[in-house]
Amino acid sequence: ANKLLHQEITEHARAEQALRDSEQQYRLLAENVKEGLLIMQDGKLQFANHAFVTLSGRAVSELLQTDPLLLFASAARDSLRQRLQLEHVFPGLSAWETELLSANGDVLWVEMEMADIVWNGQPARLLTLRNQTERKRREQQMEEVRLRLEQENLSLKSSIKERYRFG
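This is a predicted model, so every value here is computed, not measured. (Residues numbered from 1 in each chain as written. Predicted model: local features only at pLDDT ≥ 70, side-chain atom pairs only at ≥ 80, totals over all residues. Heavy atoms only, no water.)

Trainee: Report on the pattern of salt bridges, specifying residues and quantitative values.
Mentor: Side-chain pairing between opposite charges can occur once the charged atoms of the two side chains come close. Enumeration over the complete set of coordinates arrives at 15 salt bridges. In this structure, Glu-113 engages Arg-130 in a salt bridge whose closest nitrogen and oxygen atoms are separated by 2.7 Å. Here Glu-113 is found in strand S4 (residues 107-119), whereas its partner Arg-130 is found in strand S5 (residues 122-131), with 17 residues between them in sequence. With relative accessibility at 30%, the residue Glu-113 sits in the partly exposed group. (Salt bridge = Lys/Arg side-chain N within 4 Å of Asp/Glu carboxyl O. Helix = DSSP H or I, 4+ residues; strand = E, 2+ residues; numbered from the N terminus. Buried < 20%, exposed > 50% of the residue type's maximum accessible area, 1.4 Å probe, protein only.)

Have a look at this one:
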């Protein structure tokens, strides 16, 4: 009986160690991935990784147990609320661009993806955020240049038309 009990204790200790190792690996992965990761459950944030903490400029303690909608620009909240209230994530609706508010009030463009997961035995949402602010700024600059060149082109065409008008 002692030998069986000792074997059971040893097996239990190995299982606990394997669980700790697995948890440490997943924690290491979540904390070192470049994208911001959020886990939302029952309308509150339950987890935020280091990348999101850095992106938002907020402390983990400030983020956890808060309404995630307050982290986004007011114009984006209605759309985000509708997406988060969907019973299931649909493939075509799982990724979109939105505006995140940093702690200092800056607006950051992020690409956000959403997936249904189970967290602590309960349904939850995993939100993955990628900073797209620089890309968005470049797009806006390119659009400004395009509009300026288009206007210049029209002006030059008009000037040529006036200059070489044959009466």
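Next comes the rest of the account.
Trainee: Pulling in residues and values, what's your account of the nonpolar core?
Mentor: With 22 residues, the main nonpolar core has Phe-52, Leu-100 and Leu-129 as its most contacted residues. For this core, the leading source of residues is S4, giving four residues. If near-sequence neighbours (up to four positions away) are discounted, Phe-52 is found in contact with Gly-36, Leu-37, Leu-38, Leu-63, Leu-71, Leu-100 and Leu-129. With five residues, the next largest nonpolar core counts Ala-30, Leu-37, Ile-39 and Ala-124 among its residues. (Core = buried A, V, L, I, M, F, W, Y, C linked by side-chain atoms within 4.5 Å. Contact = heavy atoms within 4.5 Å.)

Trainee: Give me the sheet that holds strand S2 (residues 44-48): which residues, what numbers.
Mentor: With antiparallel pairing, the five strands of this open sheet are ordered in space as S2-S1-S5-S4-S3. A strand with exactly one partner marks an edge of an open sheet, and here the two such strands are S2 and strand S3 (95-101). Between one strand and the next, the sheet's axes are offset by a mean angle of 35°, whatever the strand orientation. Note: S4 against S5, 10 bridges, orientation antiparallel. For Met-112, the partnering residue across the bridge sits in S5 and is Leu-129. Against the sheet, helix H4 (residues 74-84) makes contact with strand S1 (36-41), S3, S4 and S5, and its axis sits at roughly 130° relative to S3, the strand it touches most. Packing of helix H5 (residues 133-163) onto the sheet brings it into contact with S3, S4 and S5, and relative to S4 it is tilted by some 140°. (Pairing = 2+ DSSP bridges. Axes fitted to C-alpha atoms, helices over the stretch in contact; angles between N-to-C directions.)

Trainee: Hey, could you go over unusual backbone geometry for me, with residue numbers and the actual values?
Mentor: In most cases, non-glycine residues show a negative phi, while peptide bonds are predominantly trans. Even without being glycine, Asp-42 reaches a positive phi, approximately 55°. Along the chain, the position of Asp-42 falls in the loop between S1 and S2. Overall, Asp-42 belongs to the exposed group, its relative accessible area being 76%.

Trainee: Could you give an account of the pairing of S2, naming the residues involved and the relevant values?
Mentor: Pairing of S1 with S2 involves four bridges; the strand directions are antiparallel. By the bridge assignment for S2, Ile-39 is matched with Phe-47. The antiparallel pairing of S1 with S2 creates a hairpin that spans two residues between the two strands, and Asp-42 there sits at a positive phi of about 55°.

Trainee: Which residues make up the pairing of S3, and what are the values?
Mentor: Alternating positions in S3 separate cleanly, Trp-96, Thr-98 and Leu-100 being buried on one face and Ala-95, Glu-97, Glu-99 and Leu-101 remaining unburied on the opposite face. Both S3 and S4 contribute to a ladder of seven bridges, which runs antiparallel. Each residue of the ladder has a partner; that of Thr-98, found in S4, is Val-110.

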